[in-house]
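Each chain, letter by letter, is given below.
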Amino acid sequence: MSHSRFLSLSRFRALLIKEFIQMRRDRITFAMMLAVPLMQLVLFGYAINSDPKYLPAALVTTSQDHYTRAMVSALEMTDYYRFEHVVGSVREAEALMARGDVVFVVTIPSDFARKVDRGERAQILIEADATDPSVASGAISTLSTVASRALLRERGITPTEAEANRQLEVVVHRRYNPEGISHYNIVPGLLGVILTMTMVMMTSIALTRERERGTMENLLAMPASPLEIMLGKILPYFVVGAVQVAVVLIASSLLFDIPFVGRMWLLLLAVLIFVMALVLLGYTISTVANTQMQALQLTFFFFLPSILLSGFMFPFRGMPFWAQWVGEIFPLTHFLRVVRAVMLKGADMPAVAFEIAVLAGFILAYAAIALTRFRRTLD
Amino acid sequence: MHAIDVHGLVKRFGEKTVVDHVSMMVEQGEIVGFLGPNGSGKTTTIRIMCGLLTPDEGGGRVLGYDLVTEALKIKREVGYMTQRFSFYEDLTIAENLEFVARLYELRPVREHVDRTLEDLGLTSRRNQLAGTLSGGWKQRLALAACIMHKPKLLLLDEPTAGVDPKARRDFWDEIHRLAAEGLTVLVSTHYMDEAERCHRISYISYGKLLATGTVSGVVREAGLVTFVVEGPGLERMVSEIARLPGVEQVAPFGATLHVVGSDEKLLSDSLAVIASRPGVTVTRGDTSLEDVFIQFMSKAQDNMA
Ligand SMILES: Nc1ncnc2c1ncn2[C@@H]1O[C@H](COP(=O)(O)OP(=O)(O)OP(=O)(O)O)[C@@H](O)[C@H]1O
Ligand SMILES: [Mg+2]
């Protein structure tokens, strides 16, 4: 019988089977692994993404002519706007928006009716509070056509698209966050966020649990190599990650109708590399932490900046330079670039090869840290 | 070749020296008892020997392998039973044994597990979670698991704590049978009767090895004399006797008192007063291993003070 020092299939199998059994027995964790991503997807997905309706709006107008009334009722008919305030001056309206009382300010100039009657190009101004860009985006996107159709109907003309656009110019100002994010960005991003949280959290207690239950002493006294222990611990979670990916992808295509223009295999490749990096990161944390509590704290210490600086919450290029630098050290940052490029822009392999290579680099780095940090003794 | 040949082992945790220059030689096939009060460093010493802790000083060989550089080889040929149950409580008995069998690359796994279960008498409970076993059964499972791969050296840390007398008797019979086949055993225990079943004992206190040898040798070297006092109203005499010059220990044993001291002359003179009372007899008795240990412990406390 030959004894390999670093990796023996029999020993690896022993550890793998043991981990799978323990995972299966731990019903709550097992359920959480599937329920949590779904719940997060639904919660975040709808909370962030939903097309919010009946948003409070203020109308700035000086006249009460029938065009204005038609415009207001057309906007209200879209169900997006609820005009709660009618004010006479821009300053009053701005104060309302600054206080957060209204999300939109619709300004109809005093010469509006005159211009429409003469057949000149009329303007209305819609200001949207874009601090949370997804809130306003649905309302704004429907606005232009709705408004011009209403106007033409009011003049007794059956509108064509071209006519409508010539007749009315809707000027949209996004306030506070001029870049705006397409809400399609969010669901693919959520995939990365959900995986980051669950994968790292579950694997971060891999070794600490053995240590706290006292089983580490026995495990270390038996001939298992650090590499075997590591692989035995992370592989089951890698499988869980794969299942989560499937769940999130299927659910997001059913629930959110995200256009998927890229190549599926490329997305899956990126996801698997990303998940591998995450379980290794979690395992690395568990070689450092002494207790499960510490492991969870470290996980969150990693998770929060991951979310904030990866480009999930704020547009990456909009962050200060130093923050972009920090952001580069999170796998999520690179994953987001790949997943958005592949899912939304249909990017092919050469376009994302660099980011995928960076993700693979994380795997090597984390594995190296974990293996050197792993203590073969109880010291 | 000695199964254990270590010298000058030192282990410190922070400021505290827990193992203080411990040297130990154990022949192949020997059963050595490892005794000492709580916190004296038994577990720590055993952990060093199976490569679970690195000594701060000292070193040596276990089964011919270097303690520090060849830990993996040592692990493969040593069976270590931890003081605290450290198998997986959320795995069944059979699953735990399968895990161990695969880790040691025993083939076929199934056969090894079945035989071990049968020897244990746990075949019918093979699918019970290990965590639901009673304390004594956990000990027996752990022991069975650590001899499954036929180790050359067994390091047992209080293997019979909480085990019933019959199972303990079986356990010691098994240990002697294995030793006869050449297995070496180092076993820590707090039970005197178990110490007496060892070929040799080592006594450790505050990290220092104080005595080593056969039970009778250790007792002899301690140089203690024991008198047995019998008679009416013994309970009332205890404190009186304890104050007499030369008396180092007084302990009631059933209807008698054992009085122990190291100066025979002084002790017998002191006890003469007691012996002259009506109905009281004082005779020479045998010093037991326990008397010797109690003596060690009280001395160690004096040193600490
Ligand atoms: N990891 C550790 N860190 C700090 N101190 C430790 C550690 N492990 C053991 N000790 C200390 O070392 C001393 C010896 O402990 P050890 O477990 O070796 O004693 P023992 O002889 O096995 O005792 P017992 O009979 O109670 O099992 C104790 O004072 C203990 O507090
Ligand atoms: Mg101990």
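Just so it is clear, the structure is predicted and the values come from calculations on it, not from any experiment.

Enquirer: So what about the coordination of the magnesium ion (ligand 2)? Which residues, and what values?
Expert: For a metal with four tetrahedral donors the ideal donor-metal-donor angle is 109.5 degrees, while six octahedral donors give ideal angles of 90 or 180 degrees. Protein coordination of the magnesium ion (ligand 2) is provided by B:Thr43 (OG1) and B:Gln83 (OE1), with donor distances spanning 1.9 to 2.1 Å. Within this pair, whereas B:Thr43 is found in helix H1 (residues 42-49), its partner B:Gln83 is found in the loop between strand E6 (78-81) and helix H3 (93-103), the two being separated by 40 residues in sequence.

Enquirer: Explain unusual backbone geometry residue by residue, including any values.
Expert: Residue and element names in this part refer to chain B. With an omega of -10 degrees, the peptide bond running from Arg107 to Pro108 counts as cis. Mapped onto the secondary structure, Pro108 falls in the loop between H3 and helix H4 (109-120). Within the chain, Leu63 stands out as a residue other than glycine whose phi angle is a positive 55 degrees. Its location among the elements puts Leu63 in the loop between strand E4 (57-62) and strand E5 (65-66).

Enquirer: Can you break down the domain arrangement of chain B residue by residue, with the values?
Expert: Each domain of chain B was delimited in the assignment, giving domain 1 (2-219) and domain 2 (225-286). Here the C-alpha centre of domain 2 of chain B lies 40 Å away from the C-alpha centre of domain 1 of chain B.

Enquirer: Describe in detail the interface of chain B and chain A, supporting the description with residues and values.
Expert: Taken together, the 27 residues of chain B in the interface contact 32 residues of chain A. For the pair chain B and chain A, the summed buried surface comes to about 3100 Å²; carbon and sulfur atoms form 57% of the total. The interface formed by chain B and chain A holds four salt bridges in total. Linking B:Arg47 and A:Glu217 is a salt bridge whose minimum nitrogen-to-oxygen distance equals 2.8 Å. Linking chain B with chain A are 13 residue pairs in polar contact (both at pLDDT 80 or more). Of all the elements in the fold, those that place two or more residues in the side of chain B that touches chain A are helix H2 (71-77) and H3 of chain B. By residue number, the principal contributor to the side of chain B that touches chain A is H3(B), which donates five residues.

Enquirer: Account for helix H4 (residues 90-98) of chain A, naming residues and giving values.
Expert: Residues and elements named next belong to chain A. Within H4 the residues assigned to the buried category are Ala93, Leu96 and Met97. Within H4, the buried residues cover an arc of 95 degrees as seen down the axis, which keeps them to one side. Exposed and oriented more than 90 degrees from the buried face of H4 are Arg91 and Ala98. Two residues or fewer past H4, Gly100 is found with a positive phi of approximately 85 degrees.

Enquirer: Tell me about the layout of surface pockets, and name the residues and values.
Expert: All names here are of chain B. Each pocket or cavity is described by its volume, and for the largest pocket that value is around 760 Å³. Lining the largest pocket are 26 residues; nearest its centre among them are Asp119, Ile147, Glu174, Arg177 and Leu178. Counting residues per element, the ones that place at least two in the lining of the largest pocket are H4, helix H5 (135-147) and helix H6 (165-180). By residue number, the principal contributor to the lining of the largest pocket is H6, which donates six residues.

Enquirer: Describe in detail the site of ligand 1, supporting the description with residues and values.
Expert: All names here are of chain B. Inspection of the region around ligand 1 gives 14 residues, with Lys16, Gly39, Lys42, Thr43 and Thr44 positioned closest. Between Gly39 and ligand 1, the recorded distance is 2.8 Å, taken from a backbone N or O atom to an oxygen atom. Within the contact set of ligand 1, an oxygen atom lies 3.0 Å away from a side-chain nitrogen or oxygen of His190. A total of 640 Å² of accessible area belongs to ligand 1 in isolation, and the protein chains cover 65% of it. Going through the elements one at a time, strand E2 (16-26) and H1 are the ones with two or more residues in the shell around ligand 1. A class-by-class count of the residues in the shell around ligand 1 yields three nonpolar, eight polar and three charged.

Enquirer: Run through the UniProt feature "transmembrane region" (unreviewed entry) in chain A, naming residues and quoting values.
Expert: The UniProt feature table records "transmembrane region" (unreviewed entry) at residues 28-48, 186-207, 234-256, 262-283, 295-316 and 351-371 of chain A. End C-alpha atoms of residues 234-256 of chain A are separated by 31 Å, and the span's content is 100% helix alongside 0% strand.

Enquirer: Describe the packing of aromatic side chains, with residues and values.
Expert: Scanning the entire structure with this criterion turns up 10 aromatic pairs over all chains. Aromatic side chains A:Phe274 and A:Phe335 sit 4.0 Å apart centroid to centroid with 10 degrees between the ring planes, which places their arrangement in the stacked category. Placement of the pair is A:Phe274 in helix H12 (residues 264-288) and A:Phe335 in helix H15 (residues 331-345), with a sequence separation of 61 residues. For the pair formed by A:Phe274 and A:Phe335, the shared burial category is buried. Both rings, one in B:Phe171 and one in B:Trp172, keep their centres 5.5 Å apart while their planes meet at 85 degrees; by these two values the pair is edge-to-face. By the burial criterion, B:Phe171 is buried, and B:Trp172 matches it. Among the aromatic residues, those joined into a ring-pair cluster are B:Tyr203, B:Phe293 and B:Phe296. Between the NZ or CZ atom of B:Arg168 and the centre of the ring of B:Tyr191, over which it lies, the distance is 4.2 Å.

About the thresholds
Residues numbered from 1 in each chain as written. Chains lettered and ligands numbered in written order. Predicted model: local features only at pLDDT ≥ 70, side-chain atom pairs only at ≥ 80, totals over all residues. Heavy atoms only, no water. Donors = N, O, S within 2.8 Å, 3.2 Å for Na, K, Ca; no water. Helix = DSSP H or I, 4+ residues; strand = E, 2+ residues; numbered from the N terminus. Domains from an automatic or database assignment. Contact = heavy atoms within 4.5 Å. Buried area = accessible area lost by both parts, 1.4 Å probe. Salt bridge = Lys/Arg side-chain N within 4 Å of Asp/Glu carboxyl O. Polar contact = N/O pair within 3.5 Å; in protein donor to acceptor, adjacent residues only side chain to side chain. Buried < 20%, exposed > 50% of the residue type's maximum accessible area, 1.4 Å probe, protein only. Arc of directions from axis to C-beta. 1 Å grid on protein atoms, 1.4 Å probe; cavity = no way out; pocket = protein on both sides within 12 Å on 5 of 7 lines; lining within 4 Å. Points joined across faces, edges and corners; volume = space filled by probe spheres on them. Near = heavy atom within 4 Å. Areas by Shrake-Rupley, 256 points an atom, 1.4 Å probe, with all protein chains shown as cover. Nonpolar A, V, L, I, M, F, W, Y, C, P; charged D, E, K, R; others polar. UniProt positions renumbered as here; feature names shortened; annotations may be inferred. Phe/Tyr/Trp six-rings, centres within 6.5 Å; stacked < 30°, edge-to-face > 60°. Lys NZ or Arg CZ within 6 Å of the ring centre and 35° of its normal.

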